[in-house]
Amino acid sequence: MNTAAIQQLLHERFGSGVGPVESARLSDAVEVDPLSVDEIALFLRDQPDLAFDCLNNLSGTDRPARGKIQVTYELFSYVHRHAFVLKVDARRDRPQVKTVENVWPAANWLEREVYDLLGVVFLGHSDLRRLLLPDDWIGYPLRKDYVEAPEYHGISTVRESILALPERR
Amino acid sequence: MRAYLDAVAAGYPSTSPALVYLLGMLAFGALVVFVFILPVAGITSWVERRVWARIQSRIGPNRVGPGGFLQWLADGLKNLLKEDVIPAAVDVPMFRLAPYVVVAGFCAAFVALPFAGSLIIADLNIGILYISAITSLVVIGILMAGWSSNNKWSMLGGIRSATQIICYEIPVGLSIFPAVLLSGTLSMQGIVAAQGWAPTSWHMFHSPFAFVAFVMFFVGALAEGNRTPFDLPEADSELVAGFATEYSGMRSLLFFLAEWGNLYVIGVLVSTLFMGGWQVPHFTDNAVVLTVAQFATMFLKAYFWVFVAMWVRATLPRVRVDQFMTLCWKYMVPIGLVNVIGAATVMVLLPDGSIVLRLIMVTVAVAILVQFARRVLFHLHRADYGRLGRIGEGAA
Amino acid sequence: MSAYVGNIVDSVTSIFDGMAVTFSHFFRRPYTVQYPDRMPVRVQDALPYRYRGFLEVDLEICTGCLACERACPIDCIAIDVLKNKETKQNLLVRFDIDLAKCMYCGLCSEPCPTGSIHHTREFEGADYSLESMVRRFVLDPVETYKPKKSGEDDPAIVPILERGMRYVNEFAVPEAPPKPPKKDAAPAVKPAVGAAAAEGQP
Amino acid sequence: MSLELEFDDGREVFATEEMTLNMGPQHPSTHGVLRFIIRADGEVMRSAKADVGYLHRSIEKIAEKVGWHGFMPYTDRVDYVAAMTTNQAWAIAAEALGGVTVPRRGEYCRVIAAELGRICSHLLAAGAMGMDIGAITPFTHAVRERELINDLLEELCGARLTFNYMRIGGVAWDLPPGFDAKVLRFLNHFEPYVDELDDLLSNNKIYIERLANVAVVSRERAIAYCLVGPNLRASGVRYDIRKHLPYSVYPEFDFEVPIGTGRHGSVGDCWDRYIVRLDEMRQSARILRQALEGLPEGPVIAKVPRNYKPAAGEVHVHVETPRGDQSWYVVADGTEYPYRVHIRTGSFAAMSIIEELSRGLMVADLVALIASFDIVAPEVDR
């Protein structure tokens, strides 16, 4: 089943919470409402002719120009061997997305990673802690406007280059 | 030994024979410890590393001395000079004492080990019983080390070791029975004397039951010596280094000294109980030459089993704790019991043994060896590693 | 009961075979290479031609195009070129490579038109300070190399350029697979400076 | 002396107490720097919580700073045990965005390098598995074979671990002269070696007992936790990106996708995960033979500008690495730097299931479990 057909199904079921097919170059996606993504995910998993039983990838992209943080879900069905890309846009100043952890357990760590690096809060997540960075790290490094603190617990995070590099770069 | 000391005492009538005897025995014991146990344990460490290396397509230590032979001395010296780190949270007296208890336990076993027909520190009439009792002292040391380290991995190691030795005392004891029954004595020299130099006269070939007892004894001894596949107490991939995790320098080395020394004890016990010990053909009347020959025989037989233990260690994975218990209680103990009854029955039916049975057993053993050799050749030809050279052999 | 006996038989046979495998290794040669002192040849000489060791620069044929500096993802190369307006010659005043930072990826040697910057097969550089790992190739300012239209004819430079071009040719060139440079036709060596300069300098 | 039979809060003294064990970050069998916090009742675990991040190098952030060509060496460091396939994933993603077609010989070179890398990685996995179970010799034997592959790859691309062999548009170097003969000689030697490893380790009764029926992952759980690659196939799902979502020139090769059969226990146990890897090495050898035979002539790299600026767009790339389907999400915005790169690796997925699987296992089984998932810590953390 292709993206357009799935979008059709979703639109019939969920109405305005499901946007049109976004045809970026090389990949099609459907954008949905961040606060109803869990229901849509459940539907995508349990509908027999969709049967997306695997959350293959979950990643966040910071889009400061649009004031959004985009979370991308890449779904795959081992039953029908088809894939589908779902996107949600969270507000950049207060990014909140419903968790899909209860639908696909794989989302547990993937969501923690997005929370860790981009600061997206997944509502209803059972264990939303930082995953890769230390618990007391300040800031979300994958945001485009992230500035690394000059030191962490008194350890400098900057290493001076031994070469004095020319200015042209 | 005793006769010699008696003669010395007779030559100096003013001294008390008891004193001479005591001092002589002490001197001989000290001699055995420093001239025999330490080098043997040390050299065993070198041999083990070389054997492992060859099995693993490596070379092993080969820089210190000829073929790396003096590596054990270098390592020993290095460990002696190293700082003895005692972590802050340990129970210091217990922590310090533990290695000595372990070493004492295994050194004490040498008291009753036969080296040759006339070379034994004390031919106790309960020799084998004494040895199986005194080697269990090692577990107390290991348990002390594990507990006092104040480290959960160490504690798990110590407790595993205790479980291990307590469990395996039983099958080991059961597998000693047939040999003791056949010899009619518990004395180590007595057991050796009950066998001849020829393989047909060894206890292990007396009957199938004796052979099974021999295999079980070796397996059980490995378990008691904490050797792979039963090296659970120091399972490096699970428990870091088990009970020895917190030890450093000489104290750490003492544990390994005991382990390597114990290998030799296992070898001597297997040879004594089942393989005719120091028995050689009576080819000369010269007592010195004969003793040397007996000593060499005993040493080679014992060292063969040390080698087998190394080889087993390089081959087999480690069992898990519950499987270890299963092996002991569900397999070795029942089989051991049946075995004792079987061996006793054979003794009743054939009071003088049967040369036919012995010959059949030897033939079977030879057949197994031949099959083994065939498998080795098969593996050698299947994947010939000599064909591909590395650096300097055909490389650009 | 059959499982019981089966377990024992399985254990004995599988261990028997495993022991045969390990025993057979006593009759095989060990694989250890006893680096560094017991090698039949020096290890550097045994390494393949493409080995990515320390970077080295042949200043005689460096065109000063800065392609390597741009290609380096971690900025471990620093080059300063001064332009002499009168003679229209470029003067190379600095060519530093921080070998402690270098990750030996080879990306810098790829765009080099003459093969001036290239990896050697040297790799032993243990030292006590990071500063000592900085290789400063330019001690006195040198003029950059200018490829000649008719091919190189300076006998001092020809062998260096030949070596450099052999290095360049190791990298695949699209469309036309390169011919190895001929030994006897020394003046025919032409650096691929035009194409690379067009690519490397936007 | 009277014994107090109750704690202050009323619990009985004679209850067993749980023990908290801290395994790692430095531990002999954590394959890198991992940490587990184990709650155990004696030797039996109640749970093992994983704590990752000790090897986090923010590779995804670096990608946004170093440009399309410059990121290639960094992909080596995502999974240093199998750098070739990670190289390939990045190259495929960048090529898809830039619309570059790789010459056929380049694709063949990539397949040869990637399959050698796969054997390399699986050897380490199988050997380390034996090592964690306590057999040390198989590890050294596996590393010995791996050295031979490293020698080959060193000849191919000049490095033994961080290859940086592939480029956007193809590969950096053509195969060196005589390389195919060397690979064939290696394969002739290697295939019997795998049989020998079977005799030495896989069929060993102790080894089987340690692994069979331990940490069984059912088909459903494997999919739900997004296990990929050999870990998924061991649970009985016949899915291999090379076969079912083909990239490069894999459709031209004839090979099988081995799955777990539960020969000694149930489908999806540790032993299945181990044996699937062994079978995959044999299949890789098969692919290598075919690739060497059908090697076409021609250039190995397409003409790609040094200043690579793919048009805006985003792409999801899946590549079958030794640790399974590596899923790359790459966003381009038309500049010379990638806008966003996200890598979902096989080890990452496998790490997240360990907590669930660890309940009721013994401490020694956890070691086997980690090894059977073939977890490479830097790949988890990136």
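Quantities reported herein were computed from a predicted structural model and do not represent experimental measurements.

1. What about the sheet that holds strand β8 (residues 338-344) of chain D?
Residue and element names in this part refer to chain D.
Piece 1. Spatial ordering of the open sheet is given by β6-β7-β8, a layout of three strands whose pairing is antiparallel. In this open sheet, the two edge strands, each paired with only one partner strand, are β6 (313-321) and β8. Pairs of neighbouring strands in the sheet enclose a mean axial angle of 15°, with direction left out of account.
Piece 2. Note: β6 against strand β7 (residues 324-332), nine bridges, orientation antiparallel. Looking at the pairing, G313 lines up with A332 of β7.
Piece 3. The sheet contacts of helix α3 (residues 83-98) involve β6, β7 and β8, and relative to β6 the element is tilted by about 155°.

2. Digging into the domain arrangement of chain B
All names here are of chain B.
Piece 1. On domain assignment, one finds that chain B holds domain 1 (29-81) and domain 2 (86-376).
Piece 2. For domain 1 and domain 2, the distance between their C-alpha centres works out to 21 Å.
Piece 3. Of the residues lining the interface, 18 residues belong to domain 1; the matching set on domain 2 comes to 23 residues.
Piece 4. Together, the buried faces of domain 1 and domain 2 total about 1800 Å²; carbon and sulfur atoms form 81% of this surface.

3. Quick word on the nonpolar core
Piece 1. Judged by nonpolar contacts, the single largest core of 206 residues is most densely connected at Y73 of chain A, F95 of chain C together with F36 and Y165 of chain D.
Piece 2. Counting residues per element, this core draws most heavily on helix α4 (residues 104-133) of chain D, which supplies 13 residues.
Piece 3. Residues in contact with F95 of chain C, not counting those within four places in the same chain, are V57, L59, C62, C68, I77, A78, I79, I117, R135, R136, F137 and V138 of chain C.
Piece 4. Ranked by size, the runner-up nonpolar core spans 107 residues in total, among them V102, I121, L269 and V333 of chain B.

4. A look at the pattern of salt bridges
A side chain of one charge can pair with a side chain of the opposite charge if their charged atoms are brought near each other.
Piece 1. Counted by the stated rule, this structure contains 69 salt bridges over all chains.
Piece 2. Notably, a salt bridge pairs D231 of chain B with R318 of chain B, separated by 2.9 Å at the nearest N-O pair. Separated by 87 residues along the polypeptide, D231 of chain B in the loop between α9 (208-224) and α10 (236-239) and R318 of chain B in the loop between α12 (287-315) and α13 (321-349) bring together distant segments of the chain. Comparing D231 of chain B with R318 of chain B shows no difference in burial state: the two are buried.
Piece 3. The residue D279 of chain D makes a salt bridge to R282 of chain D at a minimum N-O spacing of 3.1 Å. Taken together, the residues D279 of chain D and R282 of chain D, both in helix α11 (residues 270-293) and three residues apart, mark about one turn of the helix.
Piece 4. Salt bridges sharing common partners tie together E115, R118, R233, D240, R242, E280 and E320 of chain D.

Reading guide: rules and limits
Residues numbered from 1 in each chain as written. Chains lettered and ligands numbered in written order. Predicted model: local features only at pLDDT ≥ 70, side-chain atom pairs only at ≥ 80, totals over all residues. Heavy atoms only, no water. Pairing = 2+ DSSP bridges. Helix = DSSP H or I, 4+ residues; strand = E, 2+ residues; numbered from the N terminus. Axes fitted to C-alpha atoms, helices over the stretch in contact; angles between N-to-C directions. Contact = heavy atoms within 4.5 Å. Domains from an automatic or database assignment. Buried area = accessible area lost by both parts, 1.4 Å probe. Core = buried A, V, L, I, M, F, W, Y, C linked by side-chain atoms within 4.5 Å. Buried < 20%, exposed > 50% of the residue type's maximum accessible area, 1.4 Å probe, protein only. Salt bridge = Lys/Arg side-chain N within 4 Å of Asp/Glu carboxyl O.

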